[in-house]
Amino acid sequence: MRVPVRRMRRLRSTAAMRRMVADTTLSVDDLVAPLFVREGIERAAEIPSIPGHFQHTVGSLVAEAERLAGLGVPALVLFGVPEVKDPEGSRAWDAAGIVQVALAELRQALGNRMVVIADLCLDEFTSHGHCGVLARDGSVDNDSTLELYQRVAVSQAVAGADVVAPSGMMDGQVAAIREALDSAGHSEVAILAYAAKYASALYGPFRDAADVTIAGGGDRCGYQMDPRSRRQALAEVGLDVAEGADMVMVKPALAYLDIVAAVSSAVDVPVAAYHVSGEYSMIKAAAERGWIDGAAVGIEHLTAIKRAGADLVLTYLAGEVAEAIHG
Ligand code: PBG
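Keep in mind that this is a model prediction, so the values were computed, not measured. (Residues numbered from 1 in each chain as written. Predicted model: local features only at pLDDT ≥ 70, side-chain atom pairs only at ≥ 80, totals over all residues. Heavy atoms only, no water.)

> Would you take a moment to explain the overall build of the protein chain for this structure?
Scanning the protein chain for helices and strands turns up 11 helices and 10 strands. Taking 20 Å as the expected radius of gyration for a compact globule of 327 residues, we find that the protein chain reaches 20 Å, a close match to that expectation. Each principal axis of the C-alpha distribution contributes one length, and for the protein chain these read about 75 × 45 × 40 Å. Of all 327 residues assigned to the protein chain, the portion counted as buried reaches 53%. Long-range pairs, those at least 24 residues apart, make up 75% of the contacts in the protein chain between residues at least 6 apart in sequence. For the protein chain, the centre of its 29 positive side-chain charges and the centre of its 42 negative side-chain charges are spaced 13 Å apart. (Helix = DSSP H or I, 4+ residues; strand = E, 2+ residues; numbered from the N terminus. Rg over C-alpha atoms; globule rule 2.2 N^0.38 Å. Buried < 20%, exposed > 50% of the residue type's maximum accessible area, 1.4 Å probe, protein only. Contact = heavy atoms within 4.5 Å. Lys, Arg positive; Asp, Glu negative; His and termini not counted. Charge placed at Lys NZ, Arg CZ, Asp CG, Glu CD.)

So, in structure tokens, the structure goes:
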């Protein structure tokens, strides 16, 4: 007897049919735009390894945020580059620091039209480029770093951040930050925890953008996760939720879709994924050579990240995808 052929192609016949049966939708509502602000520059400078993105002045930052808000992008995540770095990264919690000044201006200009997320880390501010302060042996001292993160969190909340996003992968950082925010009267500020952040080679272009060089050719393998571990990602996420994270993040995104999927079925808080600088730059570089259709690959990447279970995606493609959808 002939095996009946199941006609899968019936539901692929027209664009409207495919749209009707799709189970994954990429929406501008899911996108968070990363933006960089640099202290002490006169005009915005394009970042060569993240084409189309800039180290902004406060003025050009606000203009770009306004443009994104107009395109319907609901959120931005801010990174700051200070003029002066020191071993502790003290400009990170300076009330007159570049991030604090920029947050206040963004708040003023945007009101509540965009969610303003402040990346909370020290690597952009430390002279040695690590995400925390160093112990005598040169390793990153976890618990002294937590105290500094608490100061940064409170200063970012005072400046107007809706959400702080600790990205340093120190143990106990979410609990420490939650406690500091609450005791300073900022219980309304949410925490987006970079929960499963891997030590990835895909952050290269970001380090150009944030002007970060790790001293002595070092790396972050002593605090960020080993790409060979899946189990630890679930442990990290569980700890961050227990410590009070309002949202958790997996980073990078594409090479870690298994982690995104596992995390999204394990937790009941929103799950973010960060399509990082290297993921963006690979698309741009190949598209520039005419080897791929960059716009199509971008949409395919972001759709895959959503399909894996992410609720929101931090992506350098936010502006152009919003333009393509609403433009
Ligand atoms: C650390 C931080 C990094 C990124 C976001 N926050 C770099 C790192 O861990 O070295 C990378 C983001 C990207 O590559 O787009 N503050």
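> Explain empty space enclosed by the protein to me, please; I cannot follow it from the model alone.
Over the atoms rolls a probe the size of a water molecule, and its path tells where empty space is left. Enumeration over the complete set of coordinates arrives at 2 cavities of 30 Å³ or more. Estimates place the volume of the largest cavity at around 150 Å³. Along the walls of the largest cavity sit 19 residues, with D123, K197, Y203, F206 and K251 positioned nearest its centre. Elements supplying a minimum of two residues to the lining of the largest cavity: β7 (190–197) and α6 (204–209). Empty space within the second largest cavity amounts to approximately 60 Å³. (1 Å grid on protein atoms, 1.4 Å probe; cavity = no way out; pocket = protein on both sides within 12 Å on 5 of 7 lines; lining within 4 Å. Points joined across faces, edges and corners; volume = space filled by probe spheres on them.)

> Just to check I follow, could you spell out the layout of surface pockets for this structure?
Approximately 230 Å³ is the volume found for the largest pocket. Taken together, 15 residues line the largest pocket, and the ones lying closest to its centre are M169, M170, G222, Y223 and Q224. Residues belonging to the lining of the largest pocket are distributed by class as follows: 5 nonpolar, 7 polar and 3 charged. Quantified by volume, the second largest pocket comes out at close to 180 Å³. What lines the second largest pocket is a set of 17 residues, among which G52, H53, E64, R67 and G319 lie closest to the centre. A per-element tally of the lining of the second largest pocket places helix α11 (residues 318–326) first, with 4 residues. (Nonpolar A, V, L, I, M, F, W, Y, C, P; charged D, E, K, R; others polar.)

> Would you mind showing me how to read the packing of aromatic side chains here?
For any two aromatic rings, the description comes down to two numbers: the centre-to-centre distance and the angle of the planes. Summed over all chains, the structure comprises 8 aromatic pairs. When the ring of Y194 is compared with that of Y274, the centres are 6.3 Å apart and the planes differ by 45°; the resulting orientation is tilted. Taken together, the residues Y194 in strand β7 and Y274 in strand β9 (residues 271–275) connect sequence positions 80 residues apart. With respect to burial, Y194 and Y274 carry one shared label: buried. With centroids separated by 5.8 Å and ring planes inclined at 55°, the aromatic side chains of Y280 and Y316 adopt a geometry described as tilted. Of this pair, Y280 sits in helix α9 (residues 277–288) while Y316 is found in the loop between β10 (312–315) and α11, placing the two residues 36 residues apart along the sequence. Taking relative accessible area as the criterion, Y280 reaches 2% and is therefore assigned buried. Taken together, the aromatic side chains of F36, F79, Y194, F206, Y274, Y280 and Y316 make up a single cluster linked through ring pairs. The cationic tip of R151 hangs over the ring face of W93; the distance from NZ or CZ to the ring centre is 5.0 Å. In this arrangement the basic side chain of K251 is found over the ring face of Y203, its NZ or CZ atom lying 4.5 Å from the centre. (Phe/Tyr/Trp six-rings, centres within 6.5 Å; stacked < 30°, edge-to-face > 60°. Lys NZ or Arg CZ within 6 Å of the ring centre and 35° of its normal.)

> Would you explain the pattern of salt bridges in this entry?
Two side chains bearing opposite charge may form a pair once their charged atoms approach each other closely. Counted by the stated rule, this structure contains 12 salt bridges. Where D182 meets R178, a salt bridge forms, and the shortest distance between an N and an O atom there is 2.9 Å. Separated by 4 residues within a single helix, D182 and R178 lie in helix α5 (residues 173–183), roughly one turn from each other. Relative accessible area serves as the criterion here: at 39%, D182 is assigned to the partly exposed category. (Salt bridge = Lys/Arg side-chain N within 4 Å of Asp/Glu carboxyl O.)

> It is not clear to me how the side chain of S155 should be interpreted in this structure. Could you clarify?
Turning to its location among the elements, S155 is positioned in helix α4 (residues 142–159). Apart from residues no more than four positions distant in its own chain, S155 is found in contact with A92, W93 and Q100.

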